[in-house]
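Coordinate inspection notes
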Amino acid sequence: MYGFEALTFNIHGGYLEAIVRGHRSTLLTASDYNNLCQCETLDDIKMHLSATEYGPYLQNEPSPLHTTTIVEKCTLKLVDEYKHMLCQATEPLSTFLEYITYGHMIDNVVLIVTGTLHERDVQELLEKCHPLGMFDSIASLAVAQNMSELYRLVLVDTPLAPYFSQCITSEDLDDMNIEIMRNTLYKAYLEDFYRFCQKLGGATAEIMSDLLSFEADRRAVNITINSIGTELTRDDRRKLYSNFGLLYPYGHEELAVCEDIDQVRAVMEKYPPYQSLFSKISYGESQLLDKAFYEEEVKRLCLAFEQQFHYAVFFAYMRLREQEIRNLMWISECVAQNQKSRVHDSVIFIF
Amino acid sequence: MSGSTVAGDPSTWAHALVKISPYTFSAIGIAVSIGVSVLGAAWGIYITGSSLIGAAIKAPRITSKNLISVIFCEAVAIYGVIVAIILQTKLESVPQSLLYAPESLRAGYAIFASGIIVGFANLVCGLCVGIIGSSCALSDAQNSSLFLKHRGLQEHDIPLLWSVGVPWTCLPPSEISNPFLQEDPYVEEQRGNMDLL
């Protein structure tokens, strides 16, 4: 019953909600980012980070540091926190937490399949996979030749199995098909997650449907922009859009026929929440679009913390941590390549 | 007057209700007063306690200050106990002939009403204090200037006023004819005789 969750939420979720809010208080602030942006070398970055919560994870790294090491250790911290919360959680929170990682699982599957296609070594690919999306039989993905084998041998035992019903074909895997497979899987995953949240009801459903709608709309725009000029037909493009969100169904109809960025902008400006986003980008530029979307996402995720007694705080925390790791990666790369002037191009302050 | 003339026809529901002993009503009132109050207090304490424990992991400094939320919830249970004790002192034994007298019935209903008011008011009060305590603990963990210092008025004095003061007004005043406090008529006659002396 919406409005009365405060009476019973704390039975199963009170402790974990308090823990995730404690983790949220350790996200890096603007002053931390300012310190980091002024670093000269990666060792300076390590020194600054050792004063934050990342300290225990970075202190044993020998110099010279690589940017990938920093990112890896920070991701390890996120994974540890996630596993701690998952162990403590009961249903339905544990299912909710698992849903958060399916996106990473999809990315890992696509990574390995693409890497195999380009004749890379499986071990090397496994090291590049995101640790949140690992599952047991992931190494055997390298054996599959086409999609139905992929499904039959490996994926039928994973939580991704129900998402495959829409994209099993007997075609051999090549770059185009793999991208289509990735987007089809992601569409099925988002719709499934959306239905699950609606079933949970209450504040969780309301806040998560807002966050997931934004995600669906963002993916629709990115798919449109990335498939301009490729041989993806309009119908195929239309099939990759999710069946919910602010743009569904009329915006999708219009986006499917777009041929360049200005047409996309014209479509998006009919929707007030996205109009303000697109007004920040001048005509003809699409590089800043990513940053604008990330900023909007961060704003909405921070708002999820304003309400108590719902599960969306967990989702919001994981996404904000990932954004922070992206920020750290950008800063480290800029410092390592001596491009400090571009540091502020892509760092998004969370608070 | 006996209860049966008050209610009329012997086969109506009103007659059945009137024939329930006022001791039953009083006992239920006292039981609800203490039982449901403690239920409300316990519910409130678990709501606030689970958040407090989780938040104190990252911010141990909040534990001592936020115990006050738990104390306010506990106070709600104490009010229920106090009113239950007061109510049970109002019970006296009454001779069988006066058991269904209207004054006895009224006294029984009065104790029942007082108990119900206290019990359910404290249930809701305990819940609300618990929810506020949980939010307060979480926001204190983020930023210690957010801790509410002025909750004392809201959470202590107002529940005290309503859950103890209001039933007090419902209770039958002891001076007027409360048959529960009336002496045995034989003894009263003796006393009356003694006054004449």
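**With respect to the overall build of chain B**
A count of helical and extended segments in chain B gives 7 helices and 0 strands. In chain B, which comprises 197 residues, the share counted as buried stands at 43%. At a minimum sequence separation of 6, the contacts of chain B that also span at least 24 residues come to 85%.

**With respect to the state of the cysteines**
Residue and element names in this part refer to chain B. In this structure the tally under the stated criterion is 0 disulfides over all chains. Free cysteine: cysteine 73, not disulfide-bonded; nearest cysteine sulfur from cysteine 125 at 7.9 Å. When its relative accessible area of 0% is taken as the criterion, cysteine 73 is described as buried.

**A word on the confidence of the model for chain A**
Predicted confidence across chain A gives a mean pLDDT of 86, with 96% of residues reaching 70 or more. Put simply, helix α9 (residues 147-153) of chain A is where chain A has its lowest mean pLDDT, 76, and helix α2 (residues 14-24) of chain A is where it has its highest, 93.

**Remarks on unusual backbone geometry**
All names here are of chain A. Glutamate 91 connects to proline 92 through a cis peptide bond whose omega is -5°. Take proline 92: it is sitting in the loop between α6 (67-88) and α7 (93-117). Here the residue pair tyrosine 248 and proline 249 is connected by a cis peptide bond, since its omega of -5° sits within 30 degrees of zero. Even without glycine at this site, phenylalanine 309 takes up a positive phi of about 70°. Summarising the element assignment, phenylalanine 309 is placed in the loop between α16 (287-304) and α17 (312-336).

**Observations concerning empty space enclosed by the protein**
All names here are of chain A. For the coordinates displayed, the defined rule picks out 3 cavities of 30 Å³ or more. A volume near 60 Å³ is recorded for the largest cavity. Put simply, the parts of the chain that give the lining of the largest cavity at least two residues each are α10 (175-200) and α11 (202-226). Looking at the lining of the largest cavity residue by residue, the class counts come to 7 nonpolar, 2 polar and 2 charged.

**A look at the layout of surface pockets**
Residue and element names in this part refer to chain A. By volume, the largest pocket is sized at about 1,700 Å³. Residue lining of the largest pocket: 49 residues in total, with His104, Asp107, His130, Arg182 and Arg326 positioned closest to the centre. Elements supplying a minimum of two residues to the lining of the largest pocket: α6, α7, α8 (122-128), α10, α11, α16 and α17. Among the elements that line the lining of the largest pocket, the one with the most residues is α6, at 8 residues. Its residues assigned to classes, the lining of the largest pocket shows 20 nonpolar, 12 polar and 17 charged.

**Overview of the pattern of salt bridges**
Residue and element names in this part refer to chain A. Under the counting rule described, the total for this entry stands at 23 salt bridges over all chains. Across the pair arginine 321 and glutamate 81 runs a salt bridge, and its minimum N-O distance is 3.8 Å. Here the residue arginine 321 occupies a position in helix α17, and glutamate 81 occupies one in helix α6, the gap between them amounting to 240 residues. You'll find arginine 321 and glutamate 81 in the same group, each marked buried. Where glutamate 215 meets arginine 319, a salt bridge forms, and the shortest distance between an N and an O atom there is 3.1 Å. Highlighted residues: glutamate 215 in helix α11 and arginine 319 in helix α17, separated in sequence by 104 residues. For the pair formed by glutamate 215 and arginine 319, the shared burial category is buried. Three or more residues are tied together by salt bridges with common partners; here these are Lys77, Glu81, Arg321 and Glu324.

**Brief notes about the interface of chain A and chain B**
Interface size is often expressed as the accessible area that is lost when the parts come together. With 18 residues of chain A at the contact, the number on the chain B side is 16 residues. Carbon and sulfur atoms make up 60% of the surface buried where chain A meets chain B, a total of about 1,400 Å² over both sides. Counting across the interface, chain A meets chain B through 0 salt bridges. Our enumeration of links across chain A and chain B arrives at 9 residue pairs in polar contact (both at pLDDT 80 or more). When residues of the side of chain A that touches chain B are traced back to their parent elements, those giving at least two are α1 (5-12) and α2 of chain A.

**A look at a negative patch on the surface**
A contiguous patch of negative charge on the surface is contributed by Glu72, Asp121, Glu124 and Glu127 of chain A. For glutamate 72 of chain A, the location among the structural elements is in helix α6.

**As for the packing of aromatic side chains**
Under the counting rule described, the total for this entry stands at 21 aromatic pairs over all chains. The ring centre of tyrosine 54 of chain A lies 5.4 Å from the NZ or CZ of lysine 77 of chain A, which sits over that ring. Taking NZ or CZ as reference, lysine 19 of chain B lies 4.9 Å from the ring centre of tyrosine 100 of chain B, over its face.

**Describing the nonpolar core**
Residue and element names in this part refer to chain A. The biggest cluster of nonpolar side chains holds 94 residues, and the ones touching the most others in it are Phe96, Phe193 and Phe314. Counting residues per element, this core draws most heavily on α17, which supplies 13 residues. In contact with phenylalanine 314, other than residues within four places in its own chain, are Leu16, Glu17, Val20, Met85, Leu93, Phe96, Leu97 and Ile100. Counting residues in hydrophobic clusters, the runner-up holds 23 residues, among them Phe214, Tyr241, Leu277 and Leu289.

**Quick look at α11 of chain A**
Taking 1.5 Å of rise per residue, the 25 residues of α11 of chain A would be expected to cover 36 Å, and the 36 Å separating its terminal C-alpha atoms lies within 8% of that figure. Where burial is concerned, most of α11 of chain A is hidden: 19 out of the 25 residues are buried.

**Thoughts on a nonpolar patch on the surface**
All names here are of chain B. A cluster of nonpolar residues, Leu67, Ile68 and Ile71, forms a patch on the protein surface that exposes about 270 Å² of accessible area. Locating isoleucine 68 in the fold gives a position in helix α4 (residues 62-89). Accessibility expressed as a relative area gives 37% for isoleucine 68, which makes it partly exposed.

**Some remarks on the side chain of threonine 158 of chain A**
Summarising the element assignment, threonine 158 of chain A is placed in the loop between α9 and α10. A polar side-chain atom of threonine 158 of chain A sits 2.8 Å from the main-chain carbonyl oxygen of leucine 155 of chain A.

**Re the confidence of the model for chain B**
Residues and elements named next belong to chain B. A residue-level look at chain B finds 79% of positions with pLDDT of 70 or above and a mean pLDDT of 80. Mean pLDDT values over the elements of chain B span from 51, in helix α7 (residues 185-196), up to 93, in helix α3 (residues 22-58). pLDDT under 50 marks residues 173-179. Its contacts with residues more than four places away, or in other chains, come to 8 contacts.

Procedures and definitions
- Residues numbered from 1 in each chain as written.
- Chains lettered and ligands numbered in written order.
- Predicted model: local features only at pLDDT ≥ 70, side-chain atom pairs only at ≥ 80, totals over all residues.
- Heavy atoms only, no water.
- Helix = DSSP H or I, 4+ residues; strand = E, 2+ residues; numbered from the N terminus.
- Buried < 20%, exposed > 50% of the residue type's maximum accessible area, 1.4 Å probe, protein only.
- Contact = heavy atoms within 4.5 Å.
- Disulfide = S-S within 2.5 Å.
- pLDDT = per-residue confidence, 0-100.
- 1 Å grid on protein atoms, 1.4 Å probe; cavity = no way out; pocket = protein on both sides within 12 Å on 5 of 7 lines; lining within 4 Å.
- Points joined across faces, edges and corners; volume = space filled by probe spheres on them.
- Nonpolar A, V, L, I, M, F, W, Y, C, P; charged D, E, K, R; others polar.
- Salt bridge = Lys/Arg side-chain N within 4 Å of Asp/Glu carboxyl O.
- Buried area = accessible area lost by both parts, 1.4 Å probe.
- Polar contact = N/O pair within 3.5 Å; in protein donor to acceptor, adjacent residues only side chain to side chain.
- Patch = residues over 30% accessible without salt bridge, like charges linked within 9 Å, V, L, I, M, F, W, Y side chains within 5 Å.
- Areas by Shrake-Rupley, 256 points an atom, 1.4 Å probe, with all protein chains shown as cover.
- Lys, Arg positive; Asp, Glu negative; His and termini not counted.
- Charge placed at Lys NZ, Arg CZ, Asp CG, Glu CD.
- Phe/Tyr/Trp six-rings, centres within 6.5 Å; stacked < 30°, edge-to-face > 60°.
- Lys NZ or Arg CZ within 6 Å of the ring centre and 35° of its normal.
- Core = buried A, V, L, I, M, F, W, Y, C linked by side-chain atoms within 4.5 Å.
- Expected span 1.5 Å × (residues − 1).

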